[in-house]
Structures are given as C-alpha cells and as structure tokens.
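Chain residues, written in single-letter form:
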Amino acid sequence: MIQALMTKPGEIIYQEVDVPVVGPEQIKVKMKRIGVCGSDIHVYHGKHPFTTYPVVQGHEVSAEVVEVGDSVNDFKPGDKVTIQPQVVCGKCYPCTHGMYNDCEVLKVMGFQTTGMASEYFVTEAAKALKLPDNISWDHGSMIEPLAVAVHAIRRYGDVQGKSVLVLGGGTIGNLVAQTAKAMGANKVLISEVSEYRLEVAEKTGLETINPVKKDLGEKIRAFFGSDGADVIFECVGINETMNQAIKYARKGSHIVVVGVFGDMANMDAALIQDHELTLVGSAMYRVEDYKKAIELAEAGLIEFDSLITNHVPFKEYQRAYQIIEEQKDKAMKVIIVMDED
Ligand SMILES: [Zn+2]
Ligand SMILES: [Zn+2]
C-alpha cells in the first residue's frame, strides 16, 4: 500500500509499505478522508515541539472497515468509522483518574506515532467509533475537531441557557460556538478579525463581531446585556485574545483556554485574581466527547460544509499544506481525499 511520509519539514514522499497484519483485537480500515489542521502545519514547518521526522501524519479521519480481528465483535467489514488518534499508557495519574487525554506519555498519531496517511491502517478496535450512515466521509473526518469543541464545552460544564462568547473564528472556534448552540446555550457570539471567517461564521448561523471594526465591550453589552457572557472560550492562543477574555469576563465567570499558545502568554493576572475568574484549560478529548460529537453530527446540528474550503487528492498531500499557507484565513478545513468513494 502507499503511505505518505514526511521525511523532513516541507517534504513528503510516497512509499510502498506492507499492509499491516490484523491482530485479534484490531481492525483494518481503508482510509476515506483525512483533515489537515493547524497542528499538522506546525509539523510541516518544523515548528511542532514534540514531533520528530520522519513522520506519517493524519489524525482527523473517516474510514471503512475492511477486516476485523478474531476477538472483535463490535465491527464488521463495511462499517463506517472514525478513529481516536491518542495512544496512552493507562497507568499514569491522569490515565487512572479519567483524564487519559492528558496522559503523561501521550502519543498522538501523526505526531509522536504513525498517523493514518496511508491507504490502509490497522488499529485497536477500541480506538474506533462507528459513524451513522447519514454522516458523510467528509463530515466523518470532522468528528475529531468537533470532539475538541465538545470537550471544551464540557470543561466549562452545562451551557444550557447560558451566554457564550467565543474568541476566534477558525475551525475550532467556529465548532465551539456551534456546539455551544447545539448543546443549548441561549446566546452565542463569535469574535474574529478575518472578514472571511466572519462570513463563514454567519453562514453557519452564528452572531459575529469584528473587534477591529467595532468595540468588543460595547457589542458584548448590546448582545448579552450588562452582565456580559457567562463563559468565554479563548480559541486563538495569543496574548491579545487571552487578555480580551480577561478584560471582558464578568466578575466570577469562567474562561476556557482552547487555543494552543506558541509563545508564553503575558496576561493580566491581577484581574484574574481581583475578579475571581476561573481559568480552565481544555486539551483534546476523550471517548465520551467523540460520542457526543457523533450524536450532534447525526442530528444535523452542526454545519460542516461552510468550514470545508478545499479538497486535495491523496497523491497531492503536500498541496494541502501549501493551500493553508498561501490562502491563510481563507483556507479553513482542507480535506485529503484518500479514496474517491
Ligand atoms: Zn487536528
Ligand atoms: Zn498515561
């Protein structure tokens, strides 16, 4: 089978490798779609702190089961699945306390261990989740980023009836905002500086503000009322939005940090202290988040299509990274088509 191998930053070659043999607890899948995200781009540029080369990327996938191991009862050939890319130890403190997404020796497929950018992939059946028929291959590959959003919402708690402000309208910010609505939030506002991403947010049914053009504080009061938002999700990972979150958070309210910070944050800790803010981190997801994500997608509560800006054939993998680089904010989710079906 053909596998896309990133030999060094900026270089991908295709190599012929044997299709792995299926163990008793494993399944073999034929890859259908792979989404490319910001973390992949860091690897492409040699700027991902925890990835070495060569590496096979691919962690946001949809695939079809083609073979199952002798002890596997939950899957059969023909099943549509997505696969959780985390490889965890099961023994450390986080793993034994329900937080395996924060495993001390966490390996993520496509970063610290082999990703799924090959025609076939063999994985533990326990990492796979069945996708209902009404979730397309494209949408199936977006269950992973949607699970990130579901986890972020749950790190706050129940958003039912709450006012939610999301800072950042990239794929994750958009999905956090859509998920908040889908999970019952009363009012959701998304703040984003890119006009293109604002348009996408509006297409997905969200209320928006461009804080460069309008005063964010005024908009917050106009939209949510004088008490502001109950919770703010920081989905960018830069000082500016972190400090917006701290500045505009209502006293005693919550900020969930979803954005990945490339640099050490320089934030107004005095306000966090004085306003008794609760700062919560959110990293990846757990299986219950995947299940909820699939449930939301199956119910048609998430608008994915406006987020999918490009499709690239498997044989042109490198173009996905180039598109994201060249089109900047206009490339949101770029999907690698592994199999035309
Ligand atoms: Zn990703
Ligand atoms: Zn662990």
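Refer to the preceding data block for the structure.
Presented here is an overview of the structure given in this document. What you see is a predicted model, and the numbers here were worked out from it, not measured in a lab.

### Points about the overall build of the chain
Thought 1: Each helix and strand counted, the chain has eleven helices and 17 strands in total.
Thought 2: Here the C-alpha atoms of the chain give a radius of gyration of 20 Å, agreeing with the 20 Å that 2.2 N^0.38 yields for 341 residues.
Thought 3: For the chain, the spread of C-alpha atoms along the three principal axes comes to 60 × 40 × 35 Å.
Thought 4: For the chain, buried positions account for 54% of its 341 residues.

### What to know about the coordination of the zinc ion (ligand 1)
Thought 1: Protein coordination at the zinc ion (ligand 1): the donors are Cys37 (SG), His59 (NE2) and Glu60 (OE), at 2.0 to 2.2 Å from the metal.
Thought 2: Mapped onto the polypeptide sequence, the residues donating to the zinc ion (ligand 1) form the spacing pattern C-x21-H-E. Pair noted here: Cys37 is in the loop between β3 (26-36) and α1 (38-44) and His59 is in the loop between α1 and β4 (60-68), with a separation of 22 residues, a long-range link.
Thought 3: On the basis of relative accessibility, which here comes to 15%, the residue Cys37 falls in the buried class.
Thought 4: Given a relative accessible area of 3%, His59 falls into the buried group.

### Brief notes about the sheet that holds strand β15 (residues 278-281)
Thought 1: An order of β12-β11-β10-β13-β14-β15 is seen for the six strands of this open sheet, with the pairing classed as parallel. The sheet terminates laterally at β12 (207-209) and β15, the two strands that pair on one side only. Looking at each pair of strands side by side, their axes are set apart by 20° on average, direction ignored.
Thought 2: Both strand β10 (residues 163-167) and strand β11 (residues 187-191) contribute to a ladder of five bridges, which runs parallel. When the sheet's bridge partners are listed, Ser163 is paired in β11 with Lys187.

### Observations regarding helix α11 (residues 317-327)
Thought 1: Turning to α11, its buried residues number three or more, namely Tyr317, Ala320, Tyr321, Ile323 and Ile324. Along the long axis of α11, the arc covered by the buried residues comes to 155°, so they all point the same way.
Thought 2: Contacts made by the buried residues of α11 are with β1 (2-8), β2 (11-16), β3, α1, β16 (308-313) and β17 (333-337).
Thought 3: Positive backbone phi, at 45°, marks Lys328, one or two positions downstream of α11.

### Brief notes about the nonpolar core
Thought 1: Residues Ile143, Leu146, Val164, Val166, Val176 and Phe233 are the most contacted members of the largest nonpolar core, which totals 45 residues.
Thought 2: Sort the elements by how many residues they give to this core and helix α4 (residues 143-156) lands first, with nine residues.
Thought 3: Each of domain 1 (2-142 + 307-337) and domain 2 (149-281) gives at least three residues to this core.
Thought 4: Setting aside residues no more than four positions away along its own chain, Val164 makes contact with Val159, Ala180, Ala185, Lys187, Val188, Leu189, Phe224, Ala229, Val231 and Phe233.
Thought 5: Ile41, Val81, Tyr317 and Ile324 belong to the second largest nonpolar core, which has 40 residues in total.

### Here's the deal with the coordination of the zinc ion (ligand 2)
Thought 1: At this site the zinc ion (ligand 2) is bound by Cys89 (SG), Cys92 (SG), Cys95 (SG) and Cys103 (SG), with donor distances of 2.3 to 2.4 Å.
Thought 2: Note that the zinc ion (ligand 2) binds four donor atoms; their angles at the metal cover 103 to 119°, and the shape is tetrahedral.
Thought 3: For the zinc ion (ligand 2), the single-chain donor residues occur in sequence as C-x2-C-x2-C-x7-C. In this pair, Cys89 is assigned in the loop between β6 (86-87) and α2 (93-96) and Cys103 in the loop between α2 and β7 (107-108), connecting sequence segments 14 residues apart.

Thresholds applied
Residues numbered from 1 in each chain as written. Chains lettered and ligands numbered in written order. Predicted model: local features only at pLDDT ≥ 70, side-chain atom pairs only at ≥ 80, totals over all residues. Heavy atoms only, no water. Helix = DSSP H or I, 4+ residues; strand = E, 2+ residues; numbered from the N terminus. Rg over C-alpha atoms; globule rule 2.2 N^0.38 Å. Buried < 20%, exposed > 50% of the residue type's maximum accessible area, 1.4 Å probe, protein only. Donors = N, O, S within 2.8 Å, 3.2 Å for Na, K, Ca; no water. Pairing = 2+ DSSP bridges. Axes fitted to C-alpha atoms, helices over the stretch in contact; angles between N-to-C directions. Arc of directions from axis to C-beta. Contact = heavy atoms within 4.5 Å. Core = buried A, V, L, I, M, F, W, Y, C linked by side-chain atoms within 4.5 Å. Domains from an automatic or database assignment. Tetrahedral: all angles 85-135°; square planar, octahedral: opposite > 155°, others 65-115°.

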